[in-house]
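Letter by letter, the chains look like this.
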Amino acid sequence: MASGNEQLTGIFPIAASALQAQDQRMKVIAENIANAGTSPAGPNEKPYQRQVISFKDEFDRALGAYKVKVAGITKDHSDYIKKFDPANPAADAKGYVLTPNVNPITETMDMMEAQHAYQANLNVIEAARGMVLNTISLLNSSQ
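Here's a quick rundown of the structure. (Residues numbered from 1 in each chain as written. Predicted model: local features only at pLDDT ≥ 70, side-chain atom pairs only at ≥ 80, totals over all residues. Heavy atoms only, no water.)

**Observations regarding the overall build of the chain**
Formally: Here a strand is any run of E in DSSP of at least two residues, a helix any run of H or I of at least four, and the numbering for each starts at the N terminus. We take the radius of gyration over the C-alpha atoms and set the globule estimate at 2.2 Å times the residue count to the 0.38 power. Any pair of residues with heavy atoms lying within 4.5 Å of one another is described as a contacting pair.
The helix and strand inventory of the chain stands at 2 helices and 4 strands. Compactness check: the chain gives a C-alpha radius of gyration of 23 Å against a globular reference of 15 Å for 143 residues, more than 25% above the reference. For the chain, the C-alpha atoms occupy an extent of roughly 85 × 25 × 15 Å along the three principal directions. Restricting the contact set of the chain to residue pairs at least 6 apart, pairs at least 24 apart contribute 60%.

Put into structure tokens, the structure is as follows:
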């Protein structure tokens, strides 16, 4: 059975895995936002397709606990947004241009959620760090 200190230090890699997952999530969101206003070069080309990240739990035998991992990054197959812009070189015969299926409001909400999850895991690390330091202090003062 693991000692209390080993259990506390085991928290760090678990929370760190969540930080890494949220970091990757933010990169995907940033890419989506950066490409939200782009359009294809020609009428037969497809615009940028929104990316979606998914997570999975993975058992870490050394820790005896589950950590979070990125399961994959896939394309969102929802419909592209059609905009009437007959002057655009990517416009079809009716004057419509397909634009990315990225909704900046959705991306902003996802970004806020990722930020909150990231901060929560930083709080876990800070709390565990404080507990470890308090334990060391107590052990040192009892000697």
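**Things to note about the side chain of asparagine 121**
Test applied: As used in this structure description, the phrase polar contact means that two N or O atoms lie within 3.5 Å; if the pair is within protein, one of them must be able to donate a hydrogen and the other to accept it, and residues adjacent in sequence are counted only when both atoms belong to side chains.
Relative to the helices and strands, asparagine 121 is located in helix α2 (residues 104-141). Reaching out from asparagine 121, the side chain makes a polar contact with the backbone oxygen of alanine 117 at a distance of 2.9 Å. Other than its neighbours up to four places away in sequence, asparagine 121 contacts Ala15, Ala18 and Leu19.

**Points about the pattern of salt bridges**
Filter applied, for reference: Definition used for salt bridges: Asp or Glu carboxyl oxygen within 4 Å of a side-chain nitrogen of Lys or Arg. With a 1.4 Å probe rolled over the protein chains alone, any residue whose accessible area is under 20% of its type maximum counts as buried; one over 50% counts as exposed, and the rest are partly exposed.
Scanning all chains against the criterion turns up 7 salt bridges. The residue arginine 50 makes a salt bridge to aspartate 76 at a minimum N-O spacing of 3.1 Å. Of this pair, arginine 50 sits in the loop between α1 (4-35) and β1 (51-60) while aspartate 76 sits in the loop between β2 (65-75) and β3 (81-84); the two residues are 26 residues apart in sequence, bridging distant segments of the chain. Overall, the relative accessible area of 16% leaves aspartate 76 in the buried class. The salt bridge partner of glutamate 107 is arginine 50, with a shortest N-O separation of 2.4 Å. Of this pair, glutamate 107 sits in helix α2 while arginine 50 sits in the loop between α1 and β1; the two residues are 57 residues apart in sequence, bridging distant segments of the chain.

**As for a nonpolar patch on the surface**
Applied cut-off: Patch membership is restricted to residues that have no salt bridge and whose relative accessible area is over 30%. Joining uses 9 Å for like charges and 5 Å for the nonpolar side chains Val, Leu, Ile, Met, Phe, Trp and Tyr. Reported accessibility uses the Shrake-Rupley method at a 1.4 Å probe radius. Residues are deemed covered only where the shown protein chains occlude them.
Among the surface-exposed residues, Ile105, Met109 and Met112 lie close enough to one another that they form a single nonpolar patch of about 320 Å² accessible area. Among the structural elements, methionine 109 can be located in helix α2.

**Some remarks on the packing of aromatic side chains**
The criterion, for reference: Each pair of aromatic rings taken from Phe, Tyr and Trp, with Trp reduced to its six-membered ring, is defined by centres within 6.5 Å and is described as stacked if the planes are under 30 degrees apart, edge-to-face if over 60, and tilted in the remaining cases. Only lysine NZ and arginine CZ atoms are considered, and such an atom sits over a ring when it is within 6 Å of the ring centre and within 35 degrees of the ring normal.
Per the stated rule, a full pass over the model turns up 2 aromatic pairs. Considering the side-chain rings of phenylalanine 59 and tyrosine 66, the 5.1 Å spacing of their centres and the 65° angle between planes classify their relative orientation as edge-to-face. According to the relative accessible area criterion, phenylalanine 59 is partly exposed, its value standing at 43%. Centroid distance phenylalanine 84 to tyrosine 96: 5.3 Å. Interplanar angle 65°. Geometry classified as edge-to-face. With phenylalanine 84 in strand β3 and tyrosine 96 in strand β4 (residues 96-99), this residue pair connects regions lying 12 residues apart in the sequence. Just above the ring of tyrosine 96 sits the side chain of lysine 82; from NZ or CZ to the centre is 5.7 Å.

**Here's the deal with α2**
The condition is simple: Each residue after the first adds 1.5 Å to the expected span of a helix.
With 38 residues, α2 should reach 56 Å at 1.5 Å per residue; the first-to-last C-alpha distance of 55 Å fits that figure. When we look at burial in α2, the residues that qualify are Glu107, Ala114, Asn121, Ala128 and Val132. Two or three places before isoleucine 105, at the start of α2, stands the capping residue asparagine 103, its side-chain oxygen 2.9 Å from that residue's backbone nitrogen.

**Remarks on the pairing of β4**
To keep things clear, this is the line we draw: In short, DSSP must find at least two bridges between two strands for them to pair.
Only one face of β4 is covered, namely the face carrying Val97 and Thr99; the face carrying Tyr96 and Leu98 is uncovered. With 4 bridges joining them, β3 and β4 adopt antiparallel strand pairing. Along β4, the bridge assignment pairs lysine 83 with valine 97.

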